[in-house]
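Here is what each chain is made of, one letter per residue.
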Amino acid sequence: MNFTYVSLPTRVVFGAGSIRGLAAEVERLGAKRVLLISTPGRAEMVRNLAKGLALAGVFDRAVMHTPLAVVEAAREEARKVNADCCVTVGGGSTIGFGKAIALSSSLPVVAVPTTYSGSEMTTIWGVSEGGAKKTGRDPKVLPRAVLYDPELTLGLPAAVSAASGMNAIAHCAEALYAHDGNAIISLMAEEGIRALASALPRIVAHPSDIEGRTAALYGSWLAGMTISTTSVALHHKLCHVLGGFGLPHAETHSIVLPHAMRYNQDAAPEAMARIRKSLGGQEAAKGLYELERQLGLPMRLADIGMKEADLERAARLAVEAPYPNPRKVEYAPVLALLRDAYEGWRPL
Ligand code: NAD
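Residues numbered from 1 in each chain as written. Predicted model: local features only at pLDDT ≥ 70, side-chain atom pairs only at ≥ 80, totals over all residues. Heavy atoms only, no water.

A. Just the side chain of Ser117, in detail. With respect to the helices and strands, the residue Ser117 is situated in the loop between β5 (109–113) and β6 (124–129). Ser117 has contacts with Gly92, Ser164 and His171, leaving out every residue within four places of it along the chain. (Helix = DSSP H or I, 4+ residues; strand = E, 2+ residues; numbered from the N terminus. Contact = heavy atoms within 4.5 Å.)

What follows is the structure in structure tokens.
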């Protein structure tokens, strides 16, 4: 039981209607000139939510993958309006812009997450340029306050919710066997999987089920906590590599996860036992595969844009500079894993 546990200093306000406390959270930071950040599609809804905020400006051009050119425009907007705080309302892409501004300016960020990415709880930033994504960890980018309001997630489409939720489960699963994991993070990981695995089928059946939405957001908060201080392993490495082939983030996580669990099954028995418990007694790899199927998610990398001819290159990239992983990361079994995920075969 020797371990190191690091606790990050984010204030969390959780629950239906908590968005009404947004102005108070900004005031607690002493901020008077807020730059509000959203994606173009959510801009109108986000402006309505921000009524009553001490707004200095709005940047509603957040897009996926935080491309450097758009990040520079957001940073310029923050300078131009003399912002002293960023408020992000949206998913991981939107939060990524708040973090990118904080990275170069140290402005505090208040995050209102509306998906299950978990990014709001981490010090991880990412900026892409020329098709490559540069990432790093910096305490400056960690949101000072996070408001989780499940009512804001009622309109998140079922398919996006399901994929984003599986992405959150992946964070928890790898935290359970992380080389720098610990007893506290494992508690969060186990509870996160339990909450998400029970909530996601309810959400897919009834997207406006507030109890399901609340449980999923709670699970995604825990999932964010798990990756905030522990390292990810083979599963995340593979998804990172596949992202470089242009595959969509959350769906890739969802498809690869059961196969990554199968790969690590015998090397991480305690983690697998905890995942099994969280899934109500189903074995980790098979249980996650069945959950994915139940949620109606794509099951094959072939169906989300992977080309068969790229499997070998992806396997080579994954083994070149592997992340620490319970089972040795080797070319032949990694290629077999990718092939299983490509075909969508049920893990044996
Ligand atoms: P996203 O932020 O791109 O959102 C997906 C889509 O859903 C967008 O079109 C968005 O406008 C829409 N949307 C968001 N909330 C909605 C709502 N409540 N109702 C209706 N539509 C809504 O997707 P994501 O999965 O949240 O984030 C993915 C990104 O986050 C990736 O770039 C990934 O690398 C990053 N990420 C970062 C970390 C980190 O710690 N830095 C962790 C996880 C993910």
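B. Representation of the state of the cysteines within the structure. Inspection of every chain in the model, using the stated rule, returns 0 disulfides. Cys86 takes part in no disulfide bond, and the closest cysteine sulfur, belonging to Cys85, lies 6.6 Å away. Of all cysteine sulfurs in the structure, the one in Cys172 sits closest to Cys239, which takes part in no disulfide; the separation is 14 Å. We classify Cys239 as buried; its relative accessible area is 8%. (Disulfide = S-S within 2.5 Å. Buried < 20%, exposed > 50% of the residue type's maximum accessible area, 1.4 Å probe, protein only.)

C. The arrangement of the nonpolar core in detail. One finds Tyr116, Ile169, Leu257, Met261 and Ile275 to be the most contacted residues of the largest nonpolar core, which totals 46 residues. Elements with a contribution of two residues or more to this core: β8 (145–148), α5 (158–175), α6 (183–205), α7 (210–229), α9 (249–264), α10 (269–278) and α11 (284–294). Residues in contact with Ile169, not counting those within four places in the same chain, are Ile193, Leu196, Ala197, Leu200, Leu257, Leu288 and Leu291. Judged by nonpolar contacts, the second largest core, of 25 residues, contains Leu301, Ala318, Val329 and Leu337. (Core = buried A, V, L, I, M, F, W, Y, C linked by side-chain atoms within 4.5 Å.)

D. Region of the structure containing the packing of aromatic side chains. Applying the stated rule across the entire model yields 6 aromatic pairs. For the ring pair Phe14 and Tyr148, a centre distance of 5.8 Å and an interplane angle of 40° mean the geometry is tilted. Residue Phe14 is found in strand β1 (residues 11–14), and its partner Tyr148 is found in strand β8; the two are separated by 134 residues along the sequence. Aromatic side chains Phe14 and Tyr218 sit 6.5 Å apart centroid to centroid with 80° between the ring planes, which places their arrangement in the edge-to-face category. In this pair, Phe14 sits in strand β1 while Tyr218 sits in helix α7, placing the two residues 204 residues apart along the sequence. Take Phe14: its relative accessible area is 31%, and that puts it in the partly exposed class. Given a relative accessible area of 28%, Tyr218 falls into the partly exposed group. (Phe/Tyr/Trp six-rings, centres within 6.5 Å; stacked < 30°, edge-to-face > 60°.)

E. Seen up close, the pattern of salt bridges. The full count for this structure, using the stated rule, is 19 salt bridges. Two residues, Glu270 and Arg274, come together in a salt bridge whose shortest N-O distance is 3.4 Å. Of this pair, Glu270 and Arg274 both sit in helix α10, separated by 4 residues, roughly a single helical turn. Residue Arg339 pairs with Glu308 through a salt bridge whose shortest N-O separation is 3.0 Å. Of this pair, Arg339 sits in helix α13 (residues 331–343) while Glu308 sits in the loop between α11 and α12 (311–320); the two residues are 31 residues apart in sequence, bridging distant segments of the chain. Owing to a relative accessible area of 29%, Arg339 belongs among the partly exposed residues under this scheme. When its relative accessible area of 41% is taken as the criterion, Glu308 is described as partly exposed. Connected through shared salt-bridge partners, Glu190, Glu270, Arg274 and Lys277 make up one network. (Salt bridge = Lys/Arg side-chain N within 4 Å of Asp/Glu carboxyl O.)

F. Structural detail: the site of the ligand. Near the ligand you find 20 residues, and of these Gly92, Ser93, Thr114, Thr115 and Thr122 are the closest. Between the ligand and Lys99, the relevant distance is 3.4 Å, taken from a nitrogen atom to a side-chain nitrogen or oxygen of the residue. Between a nitrogen atom of the ligand and a side-chain N or O atom of Thr114, the distance comes to 2.6 Å. Out of a free accessible area of 870 Å², the ligand has 81% covered by protein chains. No other element matches helix α4 (residues 92–105), which puts 3 residues into the shell around the ligand. Across the shell around the ligand, the residue classes break down as 5 nonpolar, 12 polar and 3 charged. (Near = heavy atom within 4 Å. Polar contact = N/O pair within 3.5 Å; in protein donor to acceptor, adjacent residues only side chain to side chain. Areas by Shrake-Rupley, 256 points an atom, 1.4 Å probe, with all protein chains shown as cover. Nonpolar A, V, L, I, M, F, W, Y, C, P; charged D, E, K, R; others polar.)

G. Structural detail: the layout of surface pockets. Its volume calculated, the second largest pocket comes out at about 370 Å³. Lining of the second largest pocket is provided by 21 residues; of these, Leu176, Tyr177, Ala178, Ser186 and Glu270 occupy positions nearest its centre. Looking at the lining of the second largest pocket, the elements with two or more residues in it are α6 and α10. Looking at the lining of the second largest pocket, its residues break down into 13 nonpolar, 6 polar and 2 charged. (1 Å grid on protein atoms, 1.4 Å probe; cavity = no way out; pocket = protein on both sides within 12 Å on 5 of 7 lines; lining within 4 Å. Points joined across faces, edges and corners; volume = space filled by probe spheres on them.)

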